[in-house]
Amino acid sequence: MRNAVNDGVWSGSWVAERLGVELVGDDGLRALLGLALRRNPKRAHLLVSNVLGKHVPQSPTVVYGHGFRLGRKVAELLSEAEARNAVVLGYAETATGLGHAVADGLGTAPYLHSTRRPVAGVARAGGFEESHSHATSHLLLPEDPALLAGDGPLVLVDDEFSTGNTVLNTIRDLHERYPRGRYVVVALVDMRSAEDSARMERFASEIGARVDLVAAASGAVRLPSDVLAKGQRLVARHESAGCGSVVVDRAHAAAAADRTQPRAPGGGHQPRRIDLHWPSRLPDGGRHGFTPAHRARLESALPAMAARTADALPAGARRVLVLGFEELMYAPLRLARELEQVIAAEVRFSTTTRSPVLALDDPGYAIRTRLVFPAHDDPADGPGERYAYNVAGGGFDAVVAVVDSVADTPALHAPDGLLAQLAAHTPHVLLAVVPSYVPHASERPAMLPEPLRGPAFSSYAPEEVGWLLQDLSDVTLEAPTEEREEAIQSGGAHYAESLPVEYQPSEQYQDLFHTALDASAARIAQAVGVVTEAVIAERSPRPVLVSLARAGTPVGILMRRWAQFRYGLDLPHYAVSIVRGRGIDANALRWLAAHHDPRDVVFVDGWTGKGAITLELTQAVEEFEAEEGISGFDPEIAVLADPGSCVRTYGTREDFLIPSACLNSTVSGLISRTVLRADLVGPGDFHGAKFYRELAGADVSVAFLDAVSARFPEVADTVDTAVKELMAEDRAPTWAGWRAVERISEEYGIHDVNLVKPGVGETTRVLLRRVPWKILARAGAGADLDHVRLLAEQRGVPVEEVGELPYTCVGLIHPKYTRGATGADGKAVNV
């Protein structure tokens with residue numbers, strides 16, 4: 001058995017012949033549906049969808065495509081304004097993934113699905129009963145109750161529309177609380193009778209609302225009068241014979257698991273775990289609401305998660321199943337669909353379920369095999385059996401089980417648990433755990449701490465900057481550069497989970513720093529003046545400066561000093577953490593919103609490279625506003641230098657040496673780069689950083705600031721002229737730097753823009769903190785690159801002069817680094 005549909009045999013023929021059931025309707029209806037027998041006293045038959053991804057393993061592209069196309073049909077039905085204000089509601093458990101896909105097709109709609117799992121601290125916003133189901137009570141638990149309170153259309157999504165009772169119960173309950181003028185009911189198949197259709201029309205008239213229906217196909221099931229009794233007799237007869245019901249003997253399955261998979265201490269099953277690096281605070285699904293901003297975050301994270309999954313699969317796997325968990329359908333579906341695009345193996349998707357169905361190994365029957373295992377998520381309705389259908393006998397070389405963290409319990413790993421049952425039927429079982437999303441209301445502390453300030457944290461004066469960080473100075477976080485690079489590039493760790501060992505400059509290098517500072521202090525002072533004047537003129541007369549730690553912090557302090565020098569302003573200045581791939585510290589934004597007008601906040605950084613942090617901040621602010629309902633933050637960064645042409649607010653677009661880029665903490669208040677690691681930074685914490693008090697003897701942080709601000713008087717007139725010229729220019733970002741990085745990435749065989757670091761500042765960071773491969777220097781570049789050449793010589797890194805280069809220099813991180821690895825040119829890395 002590989003599929004429930006085999007050799008042209010309709011997977012409903014067995015039930016149709018024995019119960020006298022007829023399935024009639026649109027062409028293609030039988031391709032969408034098969035039939036099985038329920039173990040349910042209320043209804044004998046079960047319509048088994050071949051494209052839902054619940055009972056029948058199916059291509060994830062097919063599953064997602066059906067839902068997405070239904071969403072597009074809804075968009076065509078609604079006006080543009082209605083589509084913009086619509087909310088999509090899916091039904092647990094079967095249609096949770098389908099509803100998500102419909103919301104994706106609709107485009108801008110937030111999504112919520114009903115749930116049978118109460119969540120402590122989350123108020124119920126509604127509920128309804130499903131009359132024919134084995135588990136009838138549905139809860140609505142949106143994090144934001146206002147999600148259901150709008151006046152736009154409510155789009156209700158279920159896998160099938162049989163009688164309409166469930167939908168009527170839902171609309172009746174919600175319309176009393178949140179009345180609206182239009183509802184759209186969406187299903188894969190509409191199987192209502194004429195009487196059911198008439199009843200819905202009467203109901204719509206009674207409540208004074210319009211109710212439309214969108215379905216992929218329609219038809220009807222004709223049932224003989226004695227179908228229920230007949231069905232119950234058939235189920236009893238075949239269950240007593242054990243026909244087709246795989247893994248009735250759980251002890252046998254556990255023994256088989258002993259032979260195929262490792263066991264955990266205490267006897268449980270221990271599969272290979274995959275760390276997906278699920279984005280922080282991204283909901284695992286629509287149980288508490290899923291917004292378009294959430295969808296965008298998931299889209300950006302999927303390629304990396306699929307790559308980690310692909311790397312974990314056994315070599316030579318030809319057929320892979322991604323198995324979701326009950327209501328958790330969308331996340332594993334999207335993961336499976338992404339995986340399907342990147343591996344050669346055939347990928348299928350289905351999920352476990354609460355629904356009890358008879359299994360029978362016959363080509364004309366939709367449920368060929370059944371795995372039985374105990375519930376493993378501590379369900380509110382108590383312990384009971386759970387099922388995975390058509391998995392055993394499916395010919396899968398590997399199964400990737402995806403559960404949320406609430407369901408990653410000892411019962412999951414027990415000898416009779418799901419993982420052991422899978423191990424009895426496939427040689428490789430992998431487990432990916434998605435963090436169970438808990439709404440902020442139940443976990444956020446009542447009050448965030450006040451900013452850290454010097455001298456207790458940093459060598460800066462307390463009024464110069466407040467750090468919206470937590471002090472991790474007592475935690476050992478440093479790792480050798482080579483180990484970090486290997487872990488980062490292999491996907492085993494994120495760069496923000498550890499720190500590089502702080503570079504201690506040689507006497508020759510320190511001399512270079514001071515020489516560079518003497519030569520460039522006036523140039524930096526002018527850029528500081530220009531960018532500060534632009535901020536005050538265009539952004540806010542009394543801006544709240546918020547530096548992106550740590551490179552932005554010295555620049556933020558210098559801008560603050562210019563505002564004091566020129567206007568006598570005492571501007572607030574804070575430093576916050578932003579992490580590529582993880583976003584800005586949302587708790588820091590909450591603190592800022594509680595203490596200042598977000599419209600006055602100006603984010604500050606040192607320079608732009610290719611613009612990755614610019615894009616990161618824009619996305620992070622959009623997500624924060626969507627999730628928190630707090631608006632006003634402008635993600636446009638103000639920078640000293642914008643050689644990548646990524647922003648509108650800058651002091652210069654020249655790529656020149658900013659001496660604060662030459663060193664690490666010793667020119668940044670003795671503060672490390674920021675740290676974001678789950679075991680150190682909780683949901684209510686600021687991101688972390690270390691204060692290297694022991695490096696005080698080498699600290700030049702204040703000396704750098706004083707050297708630059710001492711030049712303010714001599715550049716004041718030049719700044720005035722430069723600002724007038726700047727205001728008259730077209731400052732729209734061209735993103736020329738990003739295009740150059742993409743070209744370099746391909747020309748040098750790297751194929752990863754994250755390993756190309758453009759500009760003097762970023763190249764210096766590569767030499768100080770990463771494993772460099774080579775340095776590209778613009779032909780004729782002079783003293784701005786003296787420190788780069790010295791560092792490259794110390795690390796044995798070649799410097800290659802290039803004629804056509806938009807930056808003064810570009811640093812290339814060693815591609816596909818492992819200790820002893822070779823680069824694209826076949827040469828071993830020199831460290």
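What comes next is a walk through the structure. This is a predicted model, so every value here is computed, not measured.

A short note on the overall build of the protein chain
Argument step 1. Scanning the protein chain for helices and strands turns up 23 helices and 32 strands.
Argument step 2. Split into buried and exposed, the 831 residues of the protein chain put 60% on the buried side.
Argument step 3. Taking contacts inside the protein chain between residues at least 6 apart in sequence as the whole, the part at least 24 apart equals 77%.
Argument step 4. Of the roughly 30700 Å² that the protein chain leaves accessible, carbon and sulfur atoms contribute 50%.

Overview of the pairing of strand 8 (residues 154-161)
Argument step 1. Among the eight residues in strand 8, eight count as buried, and that is most of the element.
Argument step 2. When strand 4 (residues 87-90) meets strand 8, the two strands line up parallel, connected through four bridges. Bridge pairing in strand 8 links Val87 to Leu154.
Argument step 3. As judged from the seven bridges shared by strand 8 and strand 9 (residues 182-190), these two strands associate in the parallel manner. Residue pairing across strands places Glu160 opposite Val189, the latter belonging to strand 9.
Argument step 4. Once you follow strand 8 into helix 6 (residues 165-177) and on to strand 9, the crossover reads as right-handed.

Details of the sheet that holds strand 17 (residues 428-434)
Argument step 1. If you walk across this open sheet you meet the five strands as 11-17-16-12-13, and the pairing is parallel. Across the chains shown, the open sheet's two edge strands, defined by having one partner strand only, are strand 11 (272-274) and strand 13 (346-352). Strand-to-strand twist across the sheet, computed as the mean angle between neighbouring axes with direction ignored, equals 25°.
Argument step 2. Across three bridges, the pairing between strand 11 and strand 17 is parallel. Bridge assignment links Ile274 to a residue of strand 17, and that residue is Ala432.
Argument step 3. Packed onto the sheet, helix 10 (residues 292-312) meets strand 11, strand 16 (398-404) and strand 17 and runs at close to 160° relative to strand 11.

Comments concerning the nonpolar core
Across soluble globular proteins, you tend to see nonpolar side chains buried next to one another.
Argument step 1. With 134 residues, the main nonpolar core has Leu37, Val88, Leu106, Val155, Val186, Tyr365 and Leu422 as its most contacted residues.
Argument step 2. At seven residues, the largest contribution of residues to this core is made by strand 9.
Argument step 3. The residues touching Val88, leaving out its near neighbours within four places in the chain, are Gly99, Val102, Ala103, Leu106, Ala109, Pro110, Tyr111, Leu112, Val155 and Val157.
Argument step 4. One finds Leu558, Val579, Phe691 and Ala781 within the second-largest nonpolar core, a separate group that totals 105 residues.

Concerning the sheet that holds strand 4
Argument step 1. With respect to topology, six strands assemble into an open sheet ordered 1-10-9-8-4-5, the strand pairing being mixed. One side of each edge strand has no neighbouring strand; the edge strands of this open sheet are strand 1 (22-25) and strand 5 (111-113). The sheet shows a mean angle of 30° between the axes of neighbouring strands, direction not considered.
Argument step 2. Its contacts with the sheet place helix 3 (residues 60-77) against strand 8, strand 9 and strand 10 (210-222), and it is angled at close to 135° to strand 10.
Argument step 3. Helix-sheet contacts for helix 5 (residues 96-106) involve strand 4, strand 5, strand 8 and strand 9, and the interaxial angle to strand 8 is about 135°.

Here's the deal with unusual backbone geometry
Among all residues save glycine, negative phi is the norm, and among peptide bonds the norm is trans.
Argument step 1. For the bond running from Ala92 to Glu93, omega is -10°, close enough to zero to count as cis.
Argument step 2. Within the secondary structure, Glu93 is located in the loop between strand 4 and helix 5.
Argument step 3. Here Gly454 and Pro455 are connected by a cis peptide whose omega angle stands at 0°.
Argument step 4. Despite not being glycine, Ser458 has its phi angle at roughly 95°, a positive value.
Argument step 5. Mapped onto the elements of the fold, Ser458 is located in the loop between strand 17 and strand 18 (466-467).
Argument step 6. Judged by relative accessible area, Ser458 falls into the buried class, the value being 1%.
Argument step 7. With a phi close to 55°, Ser645 is a non-glycine residue in the positive phi region.
Argument step 8. As for its position among the elements, Ser645 is in the loop between strand 26 (637-641) and strand 27 (649-652).
Argument step 9. Since its relative accessible area comes to 7%, Ser645 is described here as buried.

Procedures and definitions
Residues numbered from 1 in each chain as written. Predicted model: local features only at pLDDT ≥ 70, side-chain atom pairs only at ≥ 80, totals over all residues. Heavy atoms only, no water. Helix = DSSP H or I, 4+ residues; strand = E, 2+ residues; numbered from the N terminus. Buried < 20%, exposed > 50% of the residue type's maximum accessible area, 1.4 Å probe, protein only. Contact = heavy atoms within 4.5 Å. Areas by Shrake-Rupley, 256 points an atom, 1.4 Å probe, with all protein chains shown as cover. Pairing = 2+ DSSP bridges. Right-handed = clockwise from strand over helix to strand, strands pointing away. Axes fitted to C-alpha atoms, helices over the stretch in contact; angles between N-to-C directions. Core = buried A, V, L, I, M, F, W, Y, C linked by side-chain atoms within 4.5 Å.

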